[in-house]
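One-letter residues, chain by chain:
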Amino acid sequence: MPDADRTALLDHHIAFLDALREAGLPVSLAEGLDAARATTMVEPLDRESLRTAYAATVLKRQGHRPLFDELFDLWFPRAIGEGRGDERQRQEPRVEVTGGRAAPEDARAMRAELAELLFEGDDAGLRQLASEAVARFGEIGGGSAGNASGRGGAASAGTGGTRGKAAGASTGARSWSPNAALDALTPRTLLAGLLRSDAGRDEFAQSLARRAYRERIARFERVVNAEARRRIAEDRGADATAKSVVRPPLDQIDLIGASQAELAALRREIYPLARRLATKKSMKRKRGGAGVLDFRRTIRASLATGGVPVNTRHRPRRPHKPELVVLCDVSSSVASFARFGLLLVYALSEQFSAVRSFAFVDTVEEVTPHFTAADDVADAIYRMEQGLSMRLMGGGTNYGRVFTRFDEHYADAITPKTTLLVLGDARANYVDPAAATFAGLVRRAKHAYWLNPEPRGNWGSGDSAAPTYAEVVEMIECRSMAQLADFVRDLE
Amino acid sequence: MPESELPSASPAFDSPGEVAKRLSEVNYLAESDIATTVFLAERLGKPLLVEGPAGVGKTELAKAVAAATDADLIRLQCYEGLDEARALYEWNYSKQLLRIQAAGSDATWEKTHDDIFTDEFLLARPLLRAIRRDDPTVLLIDETDKADIEIEGLLLEVLSDFQITIPELGTVQAARRPFVVLTSNATRELSEALKRRCLYLHLDYPTRERERDIVVARVPGIEATLVDQLVEVVATLRTLELKKVPSIAETVDWARTLLALGTSTMDESAIRSTLGVVLKHQSDQLRAAKELGLPCAGR
């Protein structure tokens, strides 16, 4: 290899490591060296081997894997430009194609092909189709209208007068949108046709097939997203793209703004997380010093040293398990946060001697029975939301009334052994926050914490009563799963 | 890098492809990323840290590498309270006492002291044993996350320099570097220092194709269509929000169960009556039954 190439490759390697570090992966110098050595040992033109070599040496936490993959795809793209491979051989269509009435003419053929590939679950074919789809339908803005067809073409044909002006603009504004490509193909509407083509099997097989097709469609959408990112990176450079499109690792995601897919992934993480937290808690307990002197065992042990008690024996400390009272704001603005709080608290319920939970929006209701009935927490949360008599949507949270009513009706819930936990954004909708009543509740409890899913900088803006409450209770910013986990771990 | 200058025998594998082939000969079906990572670990002479959920074949991987390279497997099972005396070495106190008594009273202190701190009185534990062997060795440190954090400090010296310091005897250098595999269920994060010294491999639940191959390899005599359906159902179960997700071992158990019952197709009744083989929580069974559209199961 010429020296210049080698230097360029090394620079690329170092830039990639820098990008990983910037994205929050702790890549040490030694790991970087390992990576460099590892890459010389695998087939350099085999992209997946290269990916494995980097993953083995610099990636030490599975939570960082999606981030790593995204950056790897940006720095070591699969193809350049259109990235077309060989034409696939056409087969007789076997799949009914549904939906897509509004699809442009040239998208029809592609939809038929997509349906075929989804039916077979052909991943390589789907990847290739995704890159074609982005190339043809995903281009937005910019002036290089030469290959603007499909959706882009239709739009510019409608506004023919402005087209010339747009073409005159700089080509630097060209960009790629995964949504434009997906809008043209509308893969989700293919589901019905796929299922009908699969008819003739029993109901159970159908329900399995439905899941499989949904998953494949979702996978196709992900590939289209990745492909669009790749094209953007090609235009702007990987560095600039990484900053704008890369999502943070799962446990850092803002719980309020998380997408459906991210929420589902987080829910699957709940039990493993609960297990990890329980282990940490029990380890901490063991490390805590010994308890009171065990007189009998000390005397018994002293016989070995001629009756002199050289080593004293102690009783193990009784594990301290707090009694927990959780007050959850379930109004629509913070519902996903409240749900995670409840999920985690109940997944860890054996760590607490008792848990009582209350949901509130404009008034407060006890929801403990929903959770004690069954041990499937996700179900319990669903039942709880069904069972609430108050309106969940639209209704503004009335913290003042909630605390007053809680004090009136459930005063017995708070004892000197209780840890009181409030989950909510403290947005009081400009009504009286009843801080004095709340302060009374806090005083009666052993500990009290307020977890606020809003960034600390926003506390006190608009109708937020956070500063008022923060004067009487320890208010903790808790926006991501990681922060939630940290809090629960240290909870006494 | 000091470790790259350690004496190392001729490499065990020529290419990642060969790793995959040799592993499949001992019935471990490795995907290409597993094969590549094993190859790199062997070539770079680094320990391999394998993480992943329970029952995806982490321990099996170490056993398979041992079998494929004709090496002996030395296993250190980690648990809470594991200490130096169990992991590294221990002096055989009772034998030392006997030696002192047998020597009588005329032996000098110096001589006795030199006599009782020799190899003869040393009980080698897994780590020391693995380091002192001249033959190819695979050292498996299983469930590293179960051990206390102090043990990780102990592992650092062993894993980065392949040497153990015994105050009375001096430093024992590895005669031949063992292939080290550490496994972890990630019940707690291992320390950064330990992770830095290892190559990392995350084993996850296998793809449908690989799981199908595993079941066919492990359960001879099972029908191909049944395996397809079985793998499909298990893959679906894994996408649900369950307390305990079915592992590969449980898939294989399920296949054996169905074979023993003479089931030829996965229908509702077959699944309902055998769901307990893969799902071990009542709530998981109910949830699976609901999501899969079984009328009612588990009761």
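What you are looking at is a predicted structure, and each value in this text was computed from that prediction instead of being measured. (Residues numbered from 1 in each chain as written. Chains lettered and ligands numbered in written order. Predicted model: local features only at pLDDT ≥ 70, side-chain atom pairs only at ≥ 80, totals over all residues. Heavy atoms only, no water.)

Participant: What is the right way to look at the overall build of chain A in this model?
Facilitator: In terms of helices and strands, chain A carries 21 helices and eight strands. A buried classification covers 47% of the 492 residues belonging to chain A. Partitioning the intrachain contacts of chain A with sequence separation of at least 6 by distance along the chain shows that 74% fall at a separation of at least 24. As presented, chain A carries roughly 24,200 Å² of accessible surface, and 53% of it is formed by carbon and sulfur atoms. (Helix = DSSP H or I, 4+ residues; strand = E, 2+ residues; numbered from the N terminus. Buried < 20%, exposed > 50% of the residue type's maximum accessible area, 1.4 Å probe, protein only. Contact = heavy atoms within 4.5 Å. Areas by Shrake-Rupley, 256 points an atom, 1.4 Å probe, with all protein chains shown as cover.)

Participant: I keep staring at the overall build of chain B and nothing clicks. Help me out?
Facilitator: When helices and strands are counted, chain B shows 14 helices and nine strands. Per-residue burial over chain B gives 48% buried out of 299 residues. Summing over all exposed atoms, chain B offers an accessible surface of approximately 13,200 Å²; the carbon and sulfur share of this is 51%.

Participant: Quick question: what am I supposed to make of the interface of chain B and chain A here?
Facilitator: Interface size, as often reported, equals the accessible area lost upon joining of the parts. Listed per partner, the contact involves 42 residues of chain B and 36 residues of chain A. Here chain B and chain A share an interface that buries about 3,800 Å² over both sides, 56% of which is from carbon and sulfur atoms. Three residues, Tyr200(B), Glu241(B) and Lys243(B), lead the burial of chain B against chain A; their summed loss comes to 16% of the area buried on that side. Where chain B packs against chain A, one counts three salt bridges. With its nearest N and O atoms 2.7 Å apart, the salt bridge here joins Lys46(B) to Asp34(A). (Buried area = accessible area lost by both parts, 1.4 Å probe. Salt bridge = Lys/Arg side-chain N within 4 Å of Asp/Glu carboxyl O.)

Participant: Mind showing me how you'd approach the packing of helix H1 (residues 3-22) of chain A against helix H2 (residues 29-41) of chain A here?
Facilitator: Each pair of packed helices gets described by two things: the angle between the helix axes and the distance between those axes. Residues and elements named next belong to chain A. Taken N-terminus to C-terminus, the directions of H1 and H2 make an angle of 140°; their axes are 11 Å apart at the nearest point. By the angle between their axes, H1 is oblique relative to H2. Regarding H1 and H2, the two cross each other, and that crossing is right-handed. Within the contact between the two elements, H1 uses His-13, Leu-17 and Arg-21 and H2 uses Leu-29, Gly-32, Ala-35 and Ala-36. Partitioning the contact of H1 with H2 into residue classes produces four nonpolar, two polar and one charged. (Axes fitted to C-alpha atoms, helices over the stretch in contact; angles between N-to-C directions. Parallel < 35°, antiparallel > 145°, perpendicular 65-115°, else oblique. Left-handed = near helix turned anticlockwise from the far one by under 90°. Nonpolar A, V, L, I, M, F, W, Y, C, P; charged D, E, K, R; others polar.)

Participant: Can you walk me through the sheet that holds strand S8 (residues 474-477) of chain A in this structure?
Facilitator: One key point about sheets: their strands pair by backbone hydrogen bonds, in either a parallel or an antiparallel sense. All names here are of chain A. The mixed open sheet is built from six strands, whose spatial order is S5-S4-S3-S6-S7-S8. Two strands bound the open sheet, and with one partner strand each, they are strand S5 (364-366) and S8. Here the strands of the sheet are splayed against their neighbours by 20° on average, with no regard to which way each runs. Where strand S3 (residues 323-329) and strand S4 (residues 354-360) come together, seven bridges link them in parallel fashion. Within S4, the position partnered with Leu-324 by the bridge is Val-355. Packing against the sheet, helix H15 (residues 335-347) makes contact with S3, S4, strand S6 (418-423) and strand S7 (447-452), and its axis sits at approximately 160° to S3. (Pairing = 2+ DSSP bridges.)

Participant: Is there a simple way to think about the packing of helix H1 (residues 16-25) of chain B against helix H2 (residues 32-44) of chain B in this case?
Facilitator: All names here are of chain B. Across the interface, H1 lies against H2 with an axial gap of 8 Å and an inter-helix angle of 110°. Comparing the axis directions of H1 and H2 gives the class roughly perpendicular. On H2, the residues that touch Pro-16, Val-19 and Ala-20 of H1 are Ala-35, Thr-36, Val-38 and Phe-39.

Participant: Would you mind going over the pattern of salt bridges with me for this structure?
Facilitator: Two side chains with opposite charge may pair up if their charged atoms get near one another. As enumerated under the stated definition, the model contains 38 salt bridges over all chains in all. Linking Arg61(A) and Glu192(B) is a salt bridge whose minimum nitrogen-to-oxygen distance equals 2.4 Å. Remark: Glu192(B) occurs in helix H9 (residues 192-196) and Arg61(A) occurs in the loop between helix H3 (47-58) and helix H4 (65-75); the pair is interchain, linking two chains. Each of Arg47(A), Glu48(A), Arg51(A), Arg65(A), Asp69(A) and Asp73(A) takes part in salt bridges that share partners, so that together they form one network.

Participant: When you look at the side chain of Lys58(B) in this model, what are you seeing that I'm missing?
Facilitator: All names here are of chain B. Looking at where Lys-58 falls in the secondary structure, it is placed in helix H3 (residues 58-68). Nearest to the buried, unbridged Lys-58 among oppositely charged side chains is Asp-142, at 7.2 Å. Reaching out from Lys-58, the side chain makes a polar contact with the side chain of Asn-185 at a distance of 3.1 Å. Lys-58 has contacts with Val-50, Glu-51, Gly-52, Pro-53, Thr-183, Ser-184, Asn-185 and Leu-203, leaving out every residue within four places of it along the chain. (Lys, Arg positive; Asp, Glu negative; His and termini not counted. Polar contact = N/O pair within 3.5 Å; in protein donor to acceptor, adjacent residues only side chain to side chain.)

Participant: Would you mind showing me how to read the packing of aromatic side chains here?
Facilitator: Scanning all chains against the criterion turns up 24 aromatic pairs over all chains. Seen in terms of ring centroids, Phe68(A) and Phe72(A) are 6.1 Å apart; in terms of plane orientation they differ by 25°. Their pairing is stacked. Highlighted residues: Phe68(A) and Phe72(A), both in helix H4, separated by four residues, approximately one helical turn. Assessed through its relative accessible area of 0%, Phe68(A) is described here as buried. Assessed through its relative accessible area of 0%, Phe72(A) is described here as buried. Plain terms: the ring middles of Phe358(A) and Phe406(A) are 4.9 Å apart, the flat faces sit at 90° to each other, and that makes the pair edge-to-face. With Phe358(A) in strand S4 and Phe406(A) in helix H18 (residues 399-409), the pair connects residues that are 48 residues apart, well separated along the chain. Judged by relative accessible area, Phe406(A) falls into the buried class, the value being 0%. Feature note: the residues Phe16(A), Tyr54(A), Phe68(A), Phe72(A), Trp75(A) and Phe76(A) constitute an aromatic cluster, connected by ring pairs. In this structure, Lys95(B) is placed above the aromatic ring of Phe121(B), and the distance from its NZ or CZ to the ring centre is 5.7 Å. (Phe/Tyr/Trp six-rings, centres within 6.5 Å; stacked < 30°, edge-to-face > 60°. Lys NZ or Arg CZ within 6 Å of the ring centre and 35° of its normal.)

Participant: I tried to follow the confidence of the model for chain B on my own but got confused; where do I start?
Facilitator: Note: predicted coordinates in regions of low pLDDT should not be interpreted at a detailed level. Chain-level statistics for chain B give a pLDDT mean of 85 and a share of 94% at 70 or above. The model gives residues 1-8 of chain B a pLDDT under 50, and that stretch makes 14 contacts with residues more than four places away or in other chains. (pLDDT = per-residue confidence, 0-100.)

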